[in-house]
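# Report on the structure
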Amino acid sequence: MALSFARDIRPLFRDSPDVDSMKDYGLDLSSYADVKANAENIYSRLLDESMPCDGPWPKDRIALFRRWIDEGLAL
Ligand code: HEM
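Structure report, in brief. Note that this is a predicted model, so its numbers are computed, not measured.

Conventions adopted
- All residue numbers refer to positions counted from 1 along the written sequence of the respective chain.
- With the structure being a predicted model, the display of local features is reserved for residues of pLDDT at least 70 and the display and counting of side-chain atom pairs for 80 or more, all residues being used for whole-chain, interface and lining totals.
- Side-chain descriptors were evaluated using all non-hydrogen atoms of the structure, hydrogens and water having been removed beforehand.
- Here a cavity means grid points, on a 1 Å grid over the protein atoms only, where a 1.4 Å probe fits yet cannot get out; a pocket means an open set of points with protein on both sides within 12 Å along at least five of seven lines; lining residues are those with an atom within 4 Å of a point.
- Grid points are joined across faces, edges and corners, and a volume is the space filled by probe spheres set on the points.
- Where helices and strands are cited, they refer to DSSP runs of H or I of at least four residues and of E of at least two residues respectively, numbered from the N terminus.
- Residue polarity is assigned by list, with Asp, Glu, Lys and Arg as charged and Ala, Val, Leu, Ile, Met, Phe, Trp, Tyr, Cys and Pro as nonpolar; anything else, Gly included, falls into the polar class.
- Exposure classes here rest on a 1.4 Å probe applied to the protein chains alone. A residue is buried below 20% of its type maximum, exposed above 50%, and partly exposed in between.
- N or O atoms closer than or at 3.5 Å make up a polar contact, with two conditions inside protein: a donor-capable atom paired with an acceptor-capable one, and, for residues adjacent in sequence, both atoms drawn from side chains.
- Contact definition: two residues touch when any of their heavy atoms are within 4.5 Å.
- Helix axes are fitted to C-alpha atoms over the stretch in contact, other axes to C-alpha atoms as well, and angles between N-to-C directions run from 0 to 180 degrees.
- With respect to orientation, any angle under 35 degrees is reported as roughly parallel, any angle over 145 as roughly antiparallel, any angle of 65 to 115 as roughly perpendicular, and every other angle as oblique.
- Helix crossings are classified by the rotation of the near helix relative to the far one: an anticlockwise turn of less than a right angle makes the crossing left-handed, while a clockwise turn makes it right-handed.
- Coordination here is defined by N, O and S atoms within 2.8 Å of the metal (3.2 Å for Na, K and Ca), and since water is not considered, a site can look incomplete.
- Irregular is the default label, applied whenever a site is not tetrahedral (four donors, all angles between 85 and 135 degrees) and neither square planar nor octahedral (four or six donors, opposite donors over 155 degrees apart, all other angles between 65 and 115).
- Put simply, a residue is near a molecule or strand once any heavy atom of it comes within 4 Å of that molecule or strand.
- By definition, a pocket or cavity contains a molecule when more than half of the molecule's atoms lie within 2 Å of the pocket's grid points.

## Quick word on the layout of surface pockets
- Roughly 320 Å³ of volume is contained in the largest pocket.
- Counting only elements with at least two residues in the lining of the largest pocket, the list comes to α2 (15–23) and α4 (39–47).
- A class-by-class count of the residues in the lining of the largest pocket yields twelve nonpolar, three polar and four charged.

What follows is the structure, encoded as structure tokens:
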């Protein structure tokens, strides 16, 4: 079964500080439409470890996000 935003990706973003901080920058990480539209930008920031601002994700979690993109960004 392909990875899904609702089941597999949304839970990776903490309500605080991830979702609430990033809303101040115009990106709603709790929104499927926003994350889908900005997926490559989000992936670059995860990969270069500049986001989240309080410490990088483990490599396997970044790879999961990449796989979600490559599988077609399913809801
Ligand atoms: C998994 C969690 C997060 C993701 C995926 C994420 C993603 C991003 C992305 C894609 C940008 C660039 C926006 C653009 O290009 O316009 C950005 C900017 C920013 N984020 Fe986050 N963010 C996360 C968590 C956080 C947290 C926890 C903080 C701090 C409390 C934070 C603070 C900022 C700030 C200050 C900027 C603007 C300055 C900069 O570009 O470095 N973010 N974030």
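## Focus: the side chain of D8
- By the element assignment, D8 lies in helix α1 (residues 5–9).
- Under the relative-accessibility criterion, D8 is labelled buried at 19%.
- Separated by 2.7 Å, the side chain of D8 and the backbone nitrogen of S4 make a polar contact.
- Looking at D8, its side chain comes within polar contact range of the side chain of R7, at 3.1 Å.
- Residues within four places of D8 in sequence aside, it is in contact with A2, L3 and L64.

## Side note on the packing of α4 against helix α5 (residues 59–70)
- It is the contact of α4 with α5, at a shortest axis distance of 10 Å, that shows an interaxial angle of 160 degrees. Comparing their axes, α5 and α4 come out roughly antiparallel. At the point where α4 passes α5, the crossing takes the left-handed sense. In this structure, α4 contributes A39, E40, I42, Y43, L46 and L47 to the contact, and α5 contributes I62, F65, R66, W68 and I69.

## Details of the coordination of the iron atom of the ligand
- The protein atoms donating to the iron atom of the ligand are M22 (SD) and M51 (SD), with metal-donor distances spanning 2.2 Å.
- Each of the six donor atoms around the iron atom of the ligand contributes to a set of angles spanning 84 to 179 degrees, which defines the coordination as octahedral. One end of the pair, M22, is in helix α2; the other, M51, is in the loop between α4 and α5, with 29 residues separating them in the sequence.
- Taking the relative accessible area as the measure of exposure, M22 reaches 19% and is therefore buried.
- With relative accessibility at 27%, the residue M51 sits in the partly exposed group.

## Considering the site of the ligand
- As a structural note, the neighbourhood of the ligand is formed by 15 residues, with M22, N41, R45, M51 and C53 the closest of them.
- At a separation of 2.9 Å, an oxygen atom of the ligand approaches a polar side-chain atom of N41.
- Interatomic distance of 2.7 Å between a side-chain N/O atom of R45 and an oxygen atom of the ligand.
- According to the grid-proximity analysis, the pocket containing the ligand is the largest pocket.
- Breaking the shell around the ligand down by element, the ones donating at least two residues are α2 and α4.
- Ranked by residue count, the leading element in the shell around the ligand is α2, at four residues.

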